[in-house]
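What the coordinates show
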Amino acid sequence: MDWIIRVLVPVVLPAYDSVQISLPSNVPGTTITYTIIVTNAGPSAVTNATVVDTLPAAITSATWSCSALIGSSCDVSSGSGDINTTLDLLANGSAIIEV
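Residues numbered from 1 in each chain as written. Predicted model: local features only at pLDDT ≥ 70, side-chain atom pairs only at ≥ 80, totals over all residues. Heavy atoms only, no water.

1. So, the sheet that holds strand β3 (residues 46–53)
Strand order in the open sheet made by the three strands is β3-β7-β5, with antiparallel pairing throughout. The outermost strands of the open sheet, each flanked by one partner alone, are β3 and β5 (73–74). As paired elements, β5 and strand β7 (residues 83–89) share two bridges and run antiparallel to each other. When the sheet's bridge partners are listed, Cys-74 is paired in β7 with Leu-87. (Pairing = 2+ DSSP bridges. Helix = DSSP H or I, 4+ residues; strand = E, 2+ residues; numbered from the N terminus.)

2. Side note on the nonpolar core
Ranked by size, the top nonpolar core spans 17 residues in total, and within it Cys-66, Ile-83, Leu-87, Ile-97 and Val-99 carry the most contacts. Of all the secondary-structure elements, those providing two or more residues to this core are β2 (33–39), β3, β4 (63–68), β7 and β8 (94–98). (Core = buried A, V, L, I, M, F, W, Y, C linked by side-chain atoms within 4.5 Å. Buried < 20%, exposed > 50% of the residue type's maximum accessible area, 1.4 Å probe, protein only.)

3. Focus on the confidence of the model for the protein chain
Summary statistics for the protein chain give a mean pLDDT of 75 and a share of 72% for residues scoring 70 or more. This model gives residues 1–22 a pLDDT under 50, and the stretch forms 41 contacts once residues within four places in sequence are excluded. (pLDDT = per-residue confidence, 0-100. Contact = heavy atoms within 4.5 Å.)

Here it is, written out as structure tokens:
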């Protein structure tokens with residue numbers, strides 16, 4: 001079962017809002033895939049915007065990848081376990097994290 005979660009976070013420095021994502025229950029032993037989309041609504045570019053997603057303990061062997069639109073970037077392109085990375089986003093730039 002694939003879940004698509006769209007997170008639109010207007011990034012305003014120095015304050016930064018945190019976003020929590022709750023997933024519905026799933027059948028144990030099945031695969032869950034979801035997507036986090038982070039967008040900078042501008043008007044300025046942002047550097048080192050932190051994205052953190054702590055996975056529930058029941059989710060094991062999780063991997064994730066991050067890609068960004070041209071001109072924006074993910075400081076780490078992939079990992080395993082909890083997501084804790086930073087993004088550099090142009091105004092109206094986006095990054096997509098697939099878990």
